[in-house]
Amino acid sequence: MHYIVDVGGGEETVPCLPILIILLALIVAYIVLYLIQRFSGNKKVVRVCDYCGRAVSAVSECHHAPVYEKGGKYFCSICRKRTSIICPNCKRPLH
Ligand SMILES: [Zn+2]
Ligand SMILES: [Zn+2]
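Here is a short report on the structure shown in this document. Not measured: the values here are computed from a predicted model.

The rules behind these values
- Residues numbered from 1 in each chain as written.
- Chains lettered and ligands numbered in written order.
- Predicted model: local features only at pLDDT ≥ 70, side-chain atom pairs only at ≥ 80, totals over all residues.
- Helix = DSSP H or I, 4+ residues; strand = E, 2+ residues; numbered from the N terminus.
- Buried ≥ 20, exposed ≤ 12 C-beta atoms within 10 Å, placed from the backbone.
- Contact = placed C-beta atoms within 7 Å.
- Pairing = 2+ DSSP bridges.
- Core = buried A, V, L, I, M, F, W, Y, C linked by C-beta atoms within 7 Å.

## Looking at the overall build of the protein
Looking only at helices and strands, the protein features one helix and six strands. Listing each helix as α and each strand as β along the protein from the N terminus yields α-β-β-β-β-β-β. With 95 residues in all, the protein has 12% of them scored as buried. Restricting the contact set of the protein to residue pairs at least 6 apart, pairs at least 24 apart contribute 35%.

## Examining the environment of H64
Checked against the element boundaries, H64 lands in the loop between β3 (59–60) and β4 (67–70). Linking H64 and C87, residues 23 residues apart in sequence, is a C-alpha distance of 9.0 Å.

## Some words on the pairing of β4
With four bridges connecting them, β4 and strand β5 (residues 73–76) associate as antiparallel partners. Along β5, the bridge assignment pairs E69 with Y74. Hairpin connection, β4 to β5: the antiparallel pair is bridged by two residues, and G71 has positive phi, about 60 degrees.

## Let's talk about the nonpolar core
Core analysis: the biggest nonpolar cluster contains nine residues, these being V56, A58, V59, V67, C76, I85, I86, C87 and L94. Apart from residues no more than four positions distant in its own chain, V59 is found in contact with H64, A65, P66, V67, I85, I86 and P88.

## Let's talk about unusual backbone geometry
Of note in this structure, H64 is not a glycine but carries a positive phi near 55 degrees. Take H64: there are 12 C-beta atoms within 10 Å of it, and that puts it in the exposed class. Of note in this structure, K91 is not a glycine but carries a positive phi near 60 degrees. In this structure K91 comes out as exposed when scored by C-beta crowding, with 11 C-beta atoms within 10 Å.

## Regarding the environment of K91
By the element assignment, K91 lies in the segment after β6 (85–86). Along the chain, K91 and Y51 lie 40 residues apart, while their C-alpha atoms are 9.8 Å from each other.

Functional significance is not addressed by these values, which are geometric in nature.
So, in structure tokens, the structure goes:
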């Protein structure tokens, strides 16, 4: 009797384990992605240029370097100072 109960219980738990592992992996992947997004300060600032008519990654007016956004303001990635953003192709100001 005992032997039959043990086998039945073993068969029930085995299919559940891979699902739990996949769920755990998904949760961990989600948390890691969230943390990367939150702490990566150098996110590209993409704007549509009025003159080129297409989406461009904005650069700083002072060093023509990539910029990062913080509290609605733009900062140069080289000198870390507040800057206005320009189009990398036509060097005209972006909004
Ligand atoms: Zn442009
Ligand atoms: Zn600069």
